Amino acid sequence: MLLKGKKAIPSDRKQQESEYREMVNRIKPKPPLLRNILGAFVIGGAICTLGQALINFYLSFGLDKTGAGAAASATLIFLAALLTGLGIYDSIAKYAGAGTIVPITGFANSIVAPALEYRREGMVFGVGQKMFTLAGPVLIFGFVTAWIAGLIAYILK
Amino acid sequence: MLTTREDKIMEYFKAFVIGGGICVIGQLLMDLTSYKITPAHILVGFVTGGVFLSAAGIYQPLVDFAGAGATVPLTGFGHLLAQGAIKGAQEKGLLGAFGGGLEASAAGISAAVIFGYLMAVVFTPKGD
Amino acid sequence: MKAAKKIGQQTIAFANPPVISGASSIVGPKEGKGPLGKQFDTVLPDTLYGEQTWEKAERKMLRETCQTAIKKAGLTIHDIDFMMAGDLLNQIISANFTARDLGIPFLGLYGACSTMFEGISIGSMLIDGGFANYVLTAASSHYDTAERQYRFPTEMGVQRAPTAQWTVTGAGAVVIGTQGSGPAVTHVTVGKVIDLGISDVNDMGSAMAPAAADTIIRHFRDTGRSPADYDLIFTGDLAGIGRALTEQLAKKAGYDLSKNYTDCGILIYDPSQDTHAGGSGCGCSAVVFTGFLLKEIMAGRFRRVLGVGTGALLSTTSSFQGETIPGIGHAVAIDAYNPGG
């Protein structure tokens, strides 16, 4: 039997689709889970350890806890931005996966990468507009949920 | 507060293990859904997840325990937002709930935007 | 009344098989390092090719490969009646802008990665129909232009799925004419758009395999031929997973492809090049066909081949809206010598 066009025979089609999906699943390679987990753990952990070292470094300069935390974040963000600009961050990410996405450096990368990518489309419609293609949703959902948390705190006060 | 050498090593060890562990959760979310969950989803999910955990009072103990291991991952960014908004609401009322989150995270966001802009001016994408 | 040159349901049998009189290929540095690297006419030193943007670089590749193909056919631009080309970028800008530069009457094509074979199909019909003496058909793709349009910015740190394919940086062109001594296009089987419900954008091979298999099976039914009639059967760019699925689907229909079937997406890269499932993009089948397979045919190593260009007909909009991925395949049967000429 030939494969049917999309809307040819609906009931037959459902079965054909599920049969095919099974066939695909049998053959599809799985991601190298153990290697990926190890990469994410080691590199993600290393970034956090660097963050801890930076916090301690700024604390030793007499900054308070909040200040040292903010300074450490800004430093990590700068380093991630620089590595993205140099084209190194995505090479590390190949091995680290979520290890380079989940830390604050991943947020920085998600802002710098499109800014860099679209500069050829100009400063306003390129860099300016595209900078938040990935970070925009993060800020939107972050702000809205935080606002709700604040609202609840206000009501419960 | 004076800390001994062992305390320092323990502090780094905890940051490494907890930070790495949080990243592994992100990795599992992507790998086990055969990449239906994209990096964009991870970024959004971890920040909002951090807000929820923080509002529920679960995240602060983790920060106290693991230090940078809990603040560097994006869940820590969500924690910052939530605590800012909650503190704002408690201290300044309703208006504080609007401003608190952004106030607390302003430095980080501005840093990312400014460095992002500067890098875009200085570098060109390398491609592959 | 039955159309004079149509056989079966979807196949055209040419009365005077059009001849491929010139072909050219150009690839990026990564493809140049692949197993076929030495076969291509030009290997770019870098992906920008002296231009300001990757899009301009893609256009330059397409333009140069068109010019070389015309030259290799021993013709000038004025001898070409029509040009057909396509690429992956929105509104097929690479093809449109190349046509602007070349000044040949132009028909733009979009068949995703099947574009080259869609072009050869229509071009051959124009020739055998008596509408043209020479037709130029070309296709191009570029890793970085495709990546930024379809996926993430190139510097974004993301891990690629093991099923993902690597968009080939390259362009290929052929000149098809009424006569000459080159390989001849004897049959064309125009494919249907087939969709078996795959929606994973990281797994194009699985999305396209049913379309490829459908066209291959239809070609055999329409022509009465079998896999054994061909020295080689190759698909456009299904890569490793899609190739295996196509083989299985064909087997279900009673056609054994295990002996002489391969895929351009597998041929172009070495497994060590970290491209995961293999190559894809309009340029993939275009350069493997023009740079390698056509030369093998002309050298007499293959007497008769069946090429199936395959395309995944999705857009970023359709995939964000949760649509499944429709696929298409166009088959072109080529004989090493021209029986009429």
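These numbers were taken from a predicted model, which means no experiment stands behind them. (Residues numbered from 1 in each chain as written. Chains lettered and ligands numbered in written order. Predicted model: local features only at pLDDT ≥ 70, side-chain atom pairs only at ≥ 80, totals over all residues. Heavy atoms only, no water.)

Side note on the domain arrangement of chain C
Residue and element names in this part refer to chain C.
Line of reasoning, step 1. The assigned domain composition of chain C is domain 1 (6-177) and domain 2 (184-335).
Line of reasoning, step 2. If you average the C-alpha positions of domain 1 and of domain 2, the two centres end up 17 Å apart.
Line of reasoning, step 3. Taken together, the contacts link 60 residues of domain 1 with 60 residues of domain 2.
Line of reasoning, step 4. Taken together, both faces of the contact between domain 1 and domain 2 bury some 4,700 Å²; the carbon and sulfur share is 62%.
Line of reasoning, step 5. Its largest share of buried area at the contact with domain 2, domain 1 owes to Gln 10, Phe 117 and Gln 165, together 18% of the area lost on that side.
Line of reasoning, step 6. Put simply, domain 1 and domain 2 have 0 salt bridges between them.
Line of reasoning, step 7. Where domain 1 meets domain 2, there are 26 residue pairs in polar contact (both at pLDDT 80 or more).
Line of reasoning, step 8. If you list the elements that add at least two residues to the side of domain 1 that touches domain 2, you get strand E2 (11-13), strand E3 (19-27), helix H1 (29-32), helix H4 (115-128), strand E7 (134-141), helix H5 (143-150), strand E8 (165-167) and strand E9 (170-177).
Line of reasoning, step 9. Here the side of domain 1 that touches domain 2 gets 8 residues from one element, more than from any other, and that element is H4.
Line of reasoning, step 10. Of the residues belonging to the side of domain 1 that touches domain 2, the class tally is 32 nonpolar, 21 polar and 7 charged. (Domains from an automatic or database assignment. Contact = heavy atoms within 4.5 Å. Buried area = accessible area lost by both parts, 1.4 Å probe. Salt bridge = Lys/Arg side-chain N within 4 Å of Asp/Glu carboxyl O. Polar contact = N/O pair within 3.5 Å; in protein donor to acceptor, adjacent residues only side chain to side chain. Helix = DSSP H or I, 4+ residues; strand = E, 2+ residues; numbered from the N terminus. Nonpolar A, V, L, I, M, F, W, Y, C, P; charged D, E, K, R; others polar.)

Describing the interface of chain C and chain B
Line of reasoning, step 1. Between chain C and chain B, the contact holds 16 residues from the first and 9 residues from the second.
Line of reasoning, step 2. In total, about 1,000 Å² of surface goes out of reach between chain C and chain B, with carbon and sulfur atoms giving 58% of it.
Line of reasoning, step 3. On the surface where chain C and chain B come into contact, there are 0 salt bridges.
Line of reasoning, step 4. On inspection of chain C and its partner chain B, the count reaches 2 residue pairs in polar contact (both at pLDDT 80 or more).
Line of reasoning, step 5. Residues that form the side of chain C that touches chain B fall into these classes: 8 nonpolar, 4 polar and 4 charged.

Focus: the nonpolar core
Line of reasoning, step 1. Counting residues in each nonpolar core, the largest one holds 49 residues, and the members touching the most others are A:Val102, A:Ile104, A:Phe107, B:Val72, B:Leu74 and B:Phe77.
Line of reasoning, step 2. Counting residues per element, this core draws most heavily on helix H2 (residues 39-55) of chain B, which supplies 6 residues.
Line of reasoning, step 3. Excluding anything up to four places from it in sequence, B:Leu74 contacts A:Ile101, A:Val102, A:Pro103, A:Ile104, A:Phe107, B:Leu43, B:Phe46 and B:Val47.
Line of reasoning, step 4. Counting residues in each nonpolar core, the second largest holds 48 residues, with C:Phe14, C:Ile120, C:Leu293 and C:Phe302 among its members. (Core = buried A, V, L, I, M, F, W, Y, C linked by side-chain atoms within 4.5 Å. Buried < 20%, exposed > 50% of the residue type's maximum accessible area, 1.4 Å probe, protein only.)

Points about the environment of A:Ala108
Residues and elements named next belong to chain A.
Line of reasoning, step 1. Here Ala 108 is to be found in helix H6 (residues 104-117).
Line of reasoning, step 2. For Ala 108, a relative accessible area of 1% puts it in the buried group.
Line of reasoning, step 3. In this structure, the C-alpha to C-alpha distance between Ala 108 and Lys 65, residues 43 residues apart in sequence, is 22 Å.
Line of reasoning, step 4. Once residues within four sequence positions are removed from consideration, Ala 108 is found in contact with Ile 77 and Ala 80.

Some remarks on the pairing of strand E10 (residues 184-189) of chain C
All names here are of chain C.
Line of reasoning, step 1. Counting buried positions over the 6 residues of E10 gives 6, a clear majority of the element.
Line of reasoning, step 2. Pairing of E2 with E10, which is carried by 3 bridges, proceeds in the antiparallel orientation. Bridge assignment links Ala 13 to a residue of E10, and that residue is His 187.
Line of reasoning, step 3. With 5 bridges joining them, E10 and strand E15 (residues 327-335) adopt antiparallel strand pairing. When the bridges of E15 are listed, His 187 appears paired with Ala 333. (Pairing = 2+ DSSP bridges.)

Notes on the interface of chain A and chain B
Line of reasoning, step 1. With 66 residues of chain A at the interface, the matching set in chain B holds 68 residues.
Line of reasoning, step 2. Interface area, chain A with chain B, both sides summed: about 5,500 Å², of which 80% is carbon and sulfur.
Line of reasoning, step 3. Where chain A packs against chain B, one counts 0 salt bridges.
Line of reasoning, step 4. The interface formed by chain A and chain B contains 13 residue pairs in polar contact (both at pLDDT 80 or more).
Line of reasoning, step 5. Elements with a minimum of two residues in the side of chain A that touches chain B: helix H2 (33-60), helix H3 (65-85), helix H4 (89-96), helix H5 (98-101), H6, helix H7 (123-130) and helix H8 (135-156) of chain A.
Line of reasoning, step 6. For the side of chain A that touches chain B, the leading source of residues is H2(A), giving 17 residues.
Line of reasoning, step 7. Of the residues in the side of chain A that touches chain B, the class split is 45 nonpolar, 16 polar and 5 charged.

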